[in-house]
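# Fold and contact review
Now for the letters of each chain:
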Amino acid sequence: RHSGEESGIQSEPMLPPKSLSEREKYLFMIRRGLEEGQIRPHYQPIMNKSGDVYGFEVLVRWPHPERGVIPPNQFIPFAEEEGLIDEIDQYVAEYACREMKSLIDQTGQNFMLTINVSANHITKRHFIEKLKRTLEKTGFPPSLLAVELTETTLLNDMDDAIYVMDRLRELGVQLWIDDFGTVYSSLNYLKKLPVDVVKLDGSFVREIHQEMVDRMICESIVRLAHNLNLQVVAEGIEDESQLNVLSQMDCEWYQGYYYQKPIHFNELQNYVQTVNWVKRKGL
Ligand code: C2E
Ligand code: CA
Ligand code: CA
Ligand code: CA
């Protein structure tokens, strides 16, 4: 149906260690993974309901030469605790903007690119300067970039967040709220931040065709978003029945294994030759 993502080694990934010296080693391993280019962005398409491509989300992959593929859920939270997440996000953003700028040139298409940024990183003011420099350096068009705010840590300073998001908006970069509905502060985000899109969390989508409660939650979120003039991306679409239920709710965009798993840039270059694109107005 579609190409697999985790190409290469498949052994047991290592869990982040507990002891101090082991943590230092793990940290060192991540740094080396960045320096040696082991850690690489992968891309998963975001589509309309007919499967035309609207954009791509960047999801980081780490096929470690000895330890197998280490999933982001194992090293991202660790990197957040250890203060290394800024470096990872920055690395991923630059790598992805560069690759996707070349894909824009290659295809002549204006698609969206979304990057995940941890909440405790986005509230730092240097984030904006770094992102601006990345956009300049790579030539990636700001209006095609969206930042997905992932709520792994609490946004504890709302004023800083508002400041940074307003600057983002001035650059033309969009703000998307990830995993919408799973954190208690989600509604507060909509009230206070300049949000463009909400991503309906995959946990609600999973049983939408069987569970009345999940269906009602999705329906309420989509309606709320539309009342606020926001668009909705449904994550984790794995089969047609989930797609059908959500398209009846007029959800705009879809993402999941049903369409395509996250793939490496090399594979993406072949993949894009097989797809249709959502027509966008100029930049
Ligand atoms: P997320 O942003 O909510 O990403 C969605 C996750 O669902 C991804 O897991 C993706 O591979 C997976 N997924 C996509 N389609 C389907 C589907 O149809 N079914 C199922 N069951 N899963 C699907 P992944 O790649 O393991 O990433 C996990 C989390 O790690 C992400 O969750 C995101 O919060 C974080 N992450 C990934 N890359 C980065 C990054 O560069 N920076 C930061 N800060 N966080 C990242
Ligand atoms: Ca995301
Ligand atoms: Ca998500
Ligand atoms: Ca998540």
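Residues numbered from 1 in each chain as written. Chains lettered and ligands numbered in written order. Predicted model: local features only at pLDDT ≥ 70, side-chain atom pairs only at ≥ 80, totals over all residues. Heavy atoms only, no water.

With that settled, the discussion passes to helix H1 (residues 20-35). For H1, built from 16 residues, the straight-helix expectation of 22 Å at 1.5 Å per residue is met to within 8% by its first-to-last C-alpha distance of 23 Å. Of the residues making up H1, those classed as buried are Arg-23, Tyr-26, Leu-27, Met-29, Ile-30, Gly-33 and Leu-34. Buried residues in H1, looked at end-on, bunch into an arc of 155°, giving them a common side. Relative to its buried face, H1 has exposed residues pointing more than 90 degrees away, namely Glu-24, Lys-25, Phe-28 and Glu-35. Contacts made by the buried residues of H1 are with strand E2 (53-64), strand E3 (68-70), helix H2 (72-81) and helix H3 (85-107). Directly beyond the C-terminal end of H1, a positive phi value near 70° is found at Gly-37. (Helix = DSSP H or I, 4+ residues; strand = E, 2+ residues; numbered from the N terminus. Expected span 1.5 Å × (residues − 1). Buried < 20%, exposed > 50% of the residue type's maximum accessible area, 1.4 Å probe, protein only. Arc of directions from axis to C-beta. Contact = heavy atoms within 4.5 Å.)

It is worth spelling out the coordination of the calcium ion (ligand 2) at this point. On the protein side, the calcium ion (ligand 2) has Glu-57 (OE), Asn-116 (OD1), Glu-148 (OE) and Asp-178 (OD) as donor atoms, found 2.1 to 2.3 Å from it. Here the calcium ion (ligand 2) and the calcium ion (ligand 3) are spaced 4.0 Å apart, linked through Asp-178, which binds each one. One end of the pair, Glu-57, is in strand E2; the other, Asp-178, is in strand E6 (residues 174-180), with 121 residues separating them in the sequence. Residue Glu-57 shares its accessibility class with Asp-178, and that shared class is buried. (Donors = N, O, S within 2.8 Å, 3.2 Å for Na, K, Ca; no water.)

Summarising the metal site, the calcium ion (ligand 3) is bound by the protein donors Asp-178 (OD), Asp-179 (OD), Glu-235 (OE) and Glu-235 (OE), whose distances to it range over 2.0 to 2.7 Å. Considered as a linear motif, the donors of the calcium ion (ligand 3) on their single chain read D-D-x55-E. According to the relative accessible area criterion, Glu-235 is buried, its value standing at 13%.

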